[in-house]
Every structure is written in C-alpha cells, then in structure tokens.
Amino acid sequence: MPSWMRSTRFARWDDPGMPPPLKATLKAARRLAIRKQLLDSHALLRSESDKQALCKVLEALRCVQIDPIRAVERTELLVLWSRLGAFHPGLLNELLYTDRLFFENWAHCASICLMDDYPLFHHRMQAFAETGDTDGSRTAQWVKENGALLAQIRKEFRTRGPLASQDITVDVPHVPWHSTGWTSGRSVPRMLDHLFFRGELMVAQRSGNRKVWHLTDEFLPPWADRAPMAPDEFCRRAVQLALKALGTGTARDIKHHFMRHAYPDLETGLAALVAEETILPVELVDAGNRAVPGAWMVHAEDAGTLQGLEADSHWEGRTVLLSPFDNLICDRRRNRPLFDFDFTIEIYVPVAKRRYGYYVLPILAGDSMLGRVDTAMDRQRNELHFRALFLEEGRERDLHLADGLARTMQDLGTFLGAQCVKLGRRMPVKWRQALKSHL
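These figures come from a predicted structure and were not determined experimentally. (Residues numbered from 1 in each chain as written. Predicted model: local features only at pLDDT ≥ 70, side-chain atom pairs only at ≥ 80, totals over all residues. Heavy atoms only, no water.)

### Things to note about the overall build of the chain
Per the secondary structure count, the chain includes 17 helices and 15 strands. Against the globule reference of 22 Å for 439 residues, the chain gives a C-alpha radius of gyration of 23 Å, in line with a compact fold. Of the roughly 20,100 Å² of accessible surface on the chain, 50% is carried by carbon and sulfur atoms. Side chains of the chain carry 59 positive and 55 negative charges; the gap between the two charge centres is 5 Å. (Helix = DSSP H or I, 4+ residues; strand = E, 2+ residues; numbered from the N terminus. Rg over C-alpha atoms; globule rule 2.2 N^0.38 Å. Areas by Shrake-Rupley, 256 points an atom, 1.4 Å probe, with all protein chains shown as cover. Lys, Arg positive; Asp, Glu negative; His and termini not counted. Charge placed at Lys NZ, Arg CZ, Asp CG, Glu CD.)

### Here we look at the sheet that holds strand 13 (residues 368–378)
The 5 strands lie next to each other as 11-12-13-14-15, forming an open sheet whose pairing is mixed. The outermost strands of the open sheet, each flanked by one partner alone, are strand 11 (319–321) and strand 15 (420–426). On average, each strand axis in the sheet is tilted by 30° relative to the strand beside it, whichever way the strands run. Looking at chain direction, strand 13 and strand 14 (residues 383–391) are connected through 8 bridges and run antiparallel. When the sheet's bridge partners are listed, Asp 374 is paired in strand 14 with Ala 388. (Pairing = 2+ DSSP bridges. Axes fitted to C-alpha atoms, helices over the stretch in contact; angles between N-to-C directions.)

### Regarding the packing of aromatic side chains
Any aromatic ring pair is given by two values, namely how distant the centres are and how the planes are angled relative to each other. Per the stated rule, a full pass over the model turns up 11 aromatic pairs. Ring centres of Trp 142 and Trp 177 lie 5.3 Å apart, and the angle between their planes is 75°; this geometry places the pair in the edge-to-face category. Of the two residues, Trp 142 is situated in helix 7 (residues 138–145) and Trp 177 in the loop between strand 5 (163–164) and helix 9 (187–198); the sequence distance between them amounts to 35 residues. Each ring, one from Phe 196 and one from Phe 197, has its centre 5.3 Å from the other, and the planes form 70°; the classification is edge-to-face. (Phe/Tyr/Trp six-rings, centres within 6.5 Å; stacked < 30°, edge-to-face > 60°.)

### Notes on unusual backbone geometry
Most peptide bonds are trans, and most residues other than glycine sit at a negative phi. Its identity as a non-glycine residue notwithstanding, Glu 277 has a phi of 65°, on the positive side. Classification of Glu 277 by relative accessible area gives partly exposed; the value is 45%. Positive phi values are uncommon outside glycine, yet Asp 340 reaches one of about 50°. Within the secondary structure layout, Asp 340 lies in the loop between helix 15 (332–339) and strand 12 (360–365). What makes Asp 340 exposed here is its relative accessible area of 65%. (Buried < 20%, exposed > 50% of the residue type's maximum accessible area, 1.4 Å probe, protein only.)

### Things to note about the environment of Leu 80
Mapped onto the elements, Leu 80 comes out in helix 4 (residues 75–84). If we ignore the near neighbours within four places in the chain, the residues touching Leu 80 are Leu 54, Val 57, Leu 58, Gly 85, Phe 87 and Leu 92. (Contact = heavy atoms within 4.5 Å.)

### Observations regarding the sheet that holds strand 3 (residues 102–106)
With respect to topology, 3 strands assemble into an open sheet ordered 2-4-3, the strand pairing being antiparallel. Of all strands in the sheet, those with a lone pairing partner are strand 2 (63–65) and strand 3, marking the two edges. Averaged over neighbouring strand pairs, the angle between their axes works out to 30° when direction is ignored. As paired strands, strand 2 and strand 4 (residues 110–114) are joined by 3 bridges and run antiparallel to one another. Counted as the bridge partner of Val 64 is Ile 112 from strand 4. This element, helix 5 (residues 89–98), spans strand 3 and strand 4 of the sheet and lies at about 80° to strand 3.

### Some details on the nonpolar core
Leu 321, Phe 386 and Leu 412 are the most contacted members of the largest nonpolar core, which has 108 residues in total. In terms of residues, this core owes the most to one element, helix 16 (residues 402–416), which gives 7 residues. Counting residues in each nonpolar core, the second largest holds 35 residues, with Cys 63, Leu 241, Phe 258 and Val 274 among its members. (Core = buried A, V, L, I, M, F, W, Y, C linked by side-chain atoms within 4.5 Å.)

### Regarding the packing of helix 3 (residues 50–61) against helix 4
Following both chains from N to C, one finds helix 3 and helix 4 inclined at 105°, their axes separated by 11 Å at the closest point. Judged by the angle between their axes, helix 3 and helix 4 are roughly perpendicular. Here Ala 53, Leu 54, Val 57, Leu 58 and Leu 61 of helix 3 come into contact with helix 4, specifically with Val 79, Leu 80, Arg 83 and Leu 84. Taken together, the residues of the contact of helix 3 with helix 4 sort by class into 8 nonpolar, no polar and 1 charged. (Parallel < 35°, antiparallel > 145°, perpendicular 65-115°, else oblique. Nonpolar A, V, L, I, M, F, W, Y, C, P; charged D, E, K, R; others polar.)

### Quick notes on the pairing of strand 4
Summarising burial for strand 4: 4 of the 5 residues are buried, a large majority. Pairing analysis gives 5 bridges linking strand 3 to strand 4, with the strands arranged antiparallel. Its bridge partner being in strand 4, Trp 106 is matched across the sheet by Ala 110. In this structure, the hairpin formed by strand 3 and strand 4 is closed by a connection of 3 residues.

### Here we look at the pattern of salt bridges
This structure, assessed with the given rule, holds 30 salt bridges. Between Glu 94 and Lys 51 there is a salt bridge whose closest N-O contact spans 2.7 Å. Pair noted here: Glu 94 is in helix 5 and Lys 51 is in helix 3, with a separation of 43 residues, a long-range link. The exposure class assigned to Glu 94 is partly exposed, which follows from its relative accessible area of 34%. (Salt bridge = Lys/Arg side-chain N within 4 Å of Asp/Glu carboxyl O.)

### Examining the packing of helix 6 (residues 118–131) against helix 11 (residues 231–246)
One way to put it is that helix 6 packs onto helix 11 with a least axis distance of 10 Å and a crossing angle of 130°. Between helix 6 and helix 11, the angle falls in the class oblique. The hand of the helix 6/helix 11 crossing is left-handed. Of the residues in helix 11, those in contact with Pro 119, Leu 120 and His 123 of helix 6 are Pro 231, Phe 234, Arg 237, Ala 238 and Leu 241. Of the residues contributing to the contact of helix 6 with helix 11, the split by class is 6 nonpolar, 1 polar and 1 charged. (Left-handed = near helix turned anticlockwise from the far one by under 90°.)

### With respect to the environment of Leu 149
Position of Leu 149 among the secondary structure elements: in helix 8 (residues 147–160). Sequence spacing of Leu 149 and Gly 371 is 222 residues, and the spatial spacing of their C-alpha atoms is 50 Å. With residues up to four places along the chain from it excluded, the contact list for Leu 149 reads Trp 142, Val 170, Val 172, His 174, Ser 187 and Met 191.

In short, shape yes, function no, at least from these values alone.
Quick look at the structure:
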C-alpha cells in the first residue's frame with residue numbers, strides 16, 4: 001500500500017482494483033496551484049473586456065474574500081489586481097449589484113461569489129434556517145426572545161425596500177444583543193446578519209463599508225437556481241470546485257476552502273469521487289524525492305497539466321504582490337508544506353510584537369515565495385510606501401528578480417492612483433538600490 005494511503009481513513013481508496021496514485025513533485029503541485037489561481041504568466045489573457053476578465057477570475061477562484069481594511073486597498077480589489085492588473089473598481093460593483101452575476105455570501109470567509117454557485121449557498125442557507133433557530137446556541141435563544149424585533153425588520157423591508165441598518169428604527173421592546181466584542185448593543189445589525197445566513201436578505205449595494213440590504217426574493221435575479229439539492233449532490237459539486245481552485249490538496253485543504261466546514265460527510269463524498277476516478281490520488285515528493293505527508297488529490301481534468309508542469313518548458317511564472325488574504329495563501333497550514341512559507345497576518349498583533357508590519361504583502365516570484373513587503377498607501381499625500389522588505393532565507397542573492405518586483409510595485413501604485421512610490425530603509429542594501437534604479 002502506498003504511504004499516502006496509510007494516513008487516510010478513506011476505506012475505498014485502497015481497494016485492490018483502484019489504480020495506483022499519480023506521482024508528482026512538490027514543484028509541479030506549486031505550479032498547478034499558481035496556474036489554477038491565474039497567477040502565472042499564461043493564466044489569463046486580457047484580450048477580452050474587463051468585465052469578462054473579472055468573470056473569468058471568479059470562475060477560476062469561485063470566491064474572493066471581502067475585507068474593509070484599506071491600509072493599501074480593500075482585499076477584494078487587490079486579489080483581482082494581482083491577476084488582471086489595473087481595472088476600474090466600479091466594474092466589480094456593476095457585476096455585483098447591477099448585473100448580479102456575482103453576489104456576497106459566506107464562502108471560506110465573507111466573500112464575493114459567482115451567482116452560478118447560488119444553488120450551493122442556497123442549500124447551506126436552507127440548512128441553517130432549519131437548525132439555526134433551534135440549535136440551542138445563545139444566538140438562537142436571543143432570536144427566540146426577540147420575535148417582535150424580527151417581525152418589525154421583515155416588515156420594514158417589505159414596505160420600504162432596500163435599507164441599511166442605520167435606516168431601521170426600532171420601536172418595539174426587545175432584548176439587546178450582548179457580546180464582549182464590537183457587536184454588543186448592535187441588535188439590528190445582529191438580526192440582519194441572522195436573516196442573511198437564513199437566506200432571507202442579500203447585500204444589494206455598498207457605499208464603502210456601508211451595506212444596503214434587500215429581501216432575497218426581490219433582489220435575486222429570476223434566472224438564479226434555487227432548486228433543492230440533496231446533501232450528497234451538494235458535497236459532490238462543492239468538493240470538485242474547491243479542488244479545481246486549489247490544484248492539488250488534501251481532505252483538510254478542501255474542508256477549509258470555498259464552502260469552509262460545510263461539506264457533509266466529506267470522507268464518503270471523496271471516496272465516491274475517487275472510486276469513479278473523477279478525483280485521482282497523488283503521491284507528492286519533494287526535491288529530495290521524499291514523500292510529502294498527507295493524502296493528496298487532483299481533479300482528473302487537471303492531472304495532465306500537473307504532470308506536464310514538471311517540465312520548465314511548460315512553465316513561465318511572474319513576480320507579483322499578493323493581498324495578505326489572497327486565495328493562494330489564505331490557508332496558513334497549507335502554505336507550509338506547499339510553499340515552505342510561514343505567513344501570519346499581524347494586523348491584530350500588538351505593535352511591539354510584530355515581526356514584519358501591519359499590512360504585509362507576500363511576494364510570489366515564479367513558483368516560490370520570494371518574501372514579503374510592509375506596505376501602506378498614504379492617501380493624503382497620494383504616495384504608496386513600501387516600508388520594509390523581508391526576503392525568505394537564501395533569497396538575497398536573487399537580485400535578478402528585483403526588476404520584476406519593482407515592476408509590480410509600480411503597477412500597484414498606478415492601480416491605486418499614487419503619484420509616487422517610495423521605498424523605506426528596512427531593506428537589504430543591494431535590493432533597495434536595485435529596486436530604486438527600476439522605479
């Protein structure tokens with residue numbers, strides 16, 4: 001029995017009639033992940049319109065995380081910029097709220113999702129609606145105690161149309177929401193979130209971080225599919241989409257990606273897909289020909305690409321800055337075996353304990369991580385600051401990559417509308433000199 005099978009509990013995978021796992025190098029697995037995430041030089045051609053290009057990115061990634069922090073720019077815009085270069089952010093709003101080809105929901109985090117995937121999210125929201133009010137949680141108890149508040153909010157939307165939380169005036173007795181976090185006392189937003197997870201409300205517009213909500217029955221486009229879906233069909237479809245976006249992955253990787261923690265009976269679902277050879281087991285080996293721990297898998301449609309990417313002639317990477325929440329590196333535990341990259345966001349780390357900085361952008365160079373750069377956009381002076389550069393161990397000698405890094409720094413400045421790009425002093429001297437000569 002191959003070593004990868006010993007670490008899995010998928011009983012059907014070691015059936016005598018099953019084919020042996022594919023063999024691939026860790027380098028090829030990295031390259032496949034980068035290509036599937038549209039981050040290599042051949043991933044996406046900009047011959048189509050910007051809207052078409054944005055749709056292609058969502059079709060590949062299936063979700064893009066939303067985050068309000070604008071130390072550089074909102075993460076959803078940075079993720080798209082890393083793949084497309086400069087585009088007009090207003091086009092994303094059109095696709096979300098006018099064309100309604102995208103919509104906001106909860107994927108592996110609060111995310112922009114494809115309307116084509118609405119059946120998957122509808123299935124999960126239905127499951128929440130059936131159990132969310134009766135699961136014994138503190139939220140369920142609070143909702144139960146506030147029937148009058150819930151009824152008033154529903155009536156407000158039916159009679160007044162789209163509303164922000166600030167537009168809703170509470171004039172019925174209710175038990176305020178209490179927590180130890182920032183939501184304490186925010187009863188209306190808490191109830192809106194509850195209705196969102198039940199599938200009754202959708203985000204119909206945004207102005208900065210201000211959400212405007214509307215009834216799903218009113219906002220959802222008529223062509224969106226809301227047909228009921230059996231749990232096994234949900235698992236079958238979602239697992240394949242997650243694995244295609246990842247390239248290769250383990251069951252744990254799939255569980256934490258796309259429909260995070262929402263795959264019912266994942267082991268049985270994976271075993272069925274492997275048995276019919278829709279998903280293929282892969283034995284990964286590192287540069288020393290040592291087996292990489294874990295039961296790795298690849299979708300059958302990507303197996304040929306995985307094996308072809310062993311050859312350097314089939315691969316051309318690029319140097320690009322990534323959002324700290326980028327889909328490629330958002331799963332911290334996956335980064336270590338795949339990229340040998342230990343990345344932690346330090347936004348909520350006290351200043352004195354930060355190793356790298358408040359808002360640090362990882363640097364992808366070809367098929368590896370070059371390092372990270374502490375970055376900030378000064379909107380008062382209209383300047384993009386790269387405060388510090390931290391290279392991965394052994395990468396200082398890779399000065400030939402400075403040109404590509406300078407180019408992506410300048411491209412980010414152009415996208416943000418910065419009048420100039422400035423370099424801080426916390427950088428290896430030779431790298432700072434090289435970057436400065438190219439900027």
